[in-house]
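# Understanding the architecture of this molecule
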Amino acid sequence: MPRKVAAGPVDPVRSSAVELFFDLVFIFTLGRLSATLVEEPSLLADAQAVIFLLAFWWIWYNTNLATDSLDCERPTVQILIICVMLGSLLMSINVPDAFGDQAFVFVSAYLGIHLGRTLVMALYLRGTPAWRRPVRGIVWYLLSGTVWFAGAAADGDDARVVLWACALAIDYSGPVLGWPVPGLGRARATEWHLSGEHLNERYRQFIILALGETILATGNFYRLSTRDLADTTAFLLTFWTVVFLWWTYFYRTTSSLAVKIDTAVDPYRLNLRASYTHLVMVAGILLTGIGGELMLKEPGGQRSAGNVVAILIGPLTFLVGRMIFEIWVFGRLTRHCLAAVAACLILSPVAARLPPLAVGLLGAATITVVAIFDLTHRARIAGEVNPVPDGDRSRRHAV
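Residues numbered from 1 in each chain as written. Predicted model: local features only at pLDDT ≥ 70, side-chain atom pairs only at ≥ 80, totals over all residues. Heavy atoms only, no water.

### Concerning the environment of S15
Tracing the backbone through its elements, the reader meets S15 in the segment before α1 (17-39). Taking C-alpha positions, S15 is 8.8 Å from T67, a pair spaced 52 residues apart along the chain. For S15, the residues in contact, after removing those within four places along its chain, are L20, H198, E201, R202 and Q205. Only 3.2 Å separates the side chain of S15 from the side chain of Q205, close enough to count as a polar contact. (Helix = DSSP H or I, 4+ residues; strand = E, 2+ residues; numbered from the N terminus. Contact = heavy atoms within 4.5 Å. Polar contact = N/O pair within 3.5 Å; in protein donor to acceptor, adjacent residues only side chain to side chain.)

Dropping the structure here:
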């Protein structure tokens, strides 16, 4: 079956221009989240940032599923994606004011995006075996919407955090449970016809976006600093870490994801696992940028466990996300990645006694070692696939 249910005979698998345009709003979103955590570091602010990140990721992920089924060259579909972009921008503008007097605006935009997009999907997919998908989604979004609005009406940030966390739990558990709805049952694997190449490209594009935003934010923070030796060192350490986060992702993580989705018995569930683990990796990239900004803010600051959590947790979270991704999607455990995570955890008590720059160096060194092992593994696999003929080998030795 063609990937584009609403399309003609042509079935493109690459991202469309309107999808890339839609991604632009998330540069602003990630910047807002980063700035909020740097300006107001606290447990409550951390919990609010997690809720914001989960809400925005769920919009991005489900919009990708929509564009995977619809023809993005149709004006009506392009208008739909632009409307989703506008709603996402309204949500971003209200970060962190959603926990103030803009709660109803934030919730209305979030639910409006999901319900509007799902209704359009239902209209486009009517008459196909996939029409049950959006109908189930509408029921589940109406269910979670009651909790979202209850949170918006709640007094106090703590109550709002709890209620919105429950609403997100409903949204995220829906696909895991198969969106059971009376009369429609649960979703079946046969209802989904996904394009692995398209989805793989979309994940790669978002990772690039997150890495790029981190570099831009760190560069801007460095521009506003005194730019002395300590500040320059903090900037270079953050840049170094981000570069090797890119390296470990693009040279190892998603090399076979497209094929894996295309050949999976249940492609939707496999893609869902990829989505959840990519969310963890994006969180790691975001935290890496925050750690870099904190190093620039206080390069020789207090030696405390807080510095370790703020600076080392970014690369550590990324590696954990990558490790779970490889286990869930490919059924393999990268031992050097596990060793790097274990080493960071073991060295954390020692790192708590170090200044921020030293902790940043530890994080950069860890991700660099993982990248080196990835490169070695890649070279070894290439040698096994393309062994050197005996004649060539003897000539090389002769030289």
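### Side note on the nonpolar core
When a protein is soluble and globular, its nonpolar side chains tend to lie buried together. Membership of the largest hydrophobic core comes to 107 residues, with the highest contact counts inside it found for W148 and W164. Counting residues per element, this core draws most heavily on helix α10 (residues 267-297), which supplies 14 residues. In contact with W148, other than residues within four places in its own chain, are A55, F106, V107, Y110, L111, W164, A167, L168 and D171. (Core = buried A, V, L, I, M, F, W, Y, C linked by side-chain atoms within 4.5 Å. Buried < 20%, exposed > 50% of the residue type's maximum accessible area, 1.4 Å probe, protein only.)

### Focus: the side chain of D68
Position of D68 among the secondary structure elements: in helix α2 (residues 43-69). Look at D68 and you get buried, because its relative accessible area is 0%.

### A closer look at a nonpolar patch on the surface
The grouping of F28, L86, L89, L90 and I93 at the surface amounts to a nonpolar patch, some 430 Å² of accessible area in total. Residue contributions to the nonpolar patch peak at four residues, all from helix α3 (residues 75-93). Position of L86 among the secondary structure elements: in helix α3. (Patch = residues over 30% accessible without salt bridge, like charges linked within 9 Å, V, L, I, M, F, W, Y side chains within 5 Å. Areas by Shrake-Rupley, 256 points an atom, 1.4 Å probe, with all protein chains shown as cover. Salt bridge = Lys/Arg side-chain N within 4 Å of Asp/Glu carboxyl O.)

### A closer look at helix α6 (residues 157-177)
For α6, with 21 residues, the first-to-last C-alpha span of 30 Å sits near the 30 Å given by 1.5 Å per residue. Among the residues of α6, those classed as buried are R160, V161, W164, A167, L168, I170, D171, Y172, G174 and P175. The elements touched by buried residues of α6 are α2, α4 (103-125), α5 (132-153) and α10. A positive phi of about 85 degrees marks G178, the residue just after α6. (Expected span 1.5 Å × (residues − 1).)

### Considering the packing of aromatic side chains
On inspection of all chains with the given rule, the structure shows 25 aromatic pairs. Taken together, a centroid distance of 5.6 Å and an interplanar angle of 50 degrees make the contact between W179 and Y268 tilted. Of the two residues, W179 is situated in the loop between α6 and α7 (196-224) and Y268 in helix α10; the sequence distance between them amounts to 89 residues. Taken as a pair, W179 and Y268 share a single burial class, namely buried. Among the aromatic residues, those joined into a cluster by ring pairs are F52, F56, F99, F106, Y110, W148 and W164. Lying across the ring of F330, R332 places its NZ or CZ 4.5 Å from the centre. (Phe/Tyr/Trp six-rings, centres within 6.5 Å; stacked < 30°, edge-to-face > 60°. Lys NZ or Arg CZ within 6 Å of the ring centre and 35° of its normal.)

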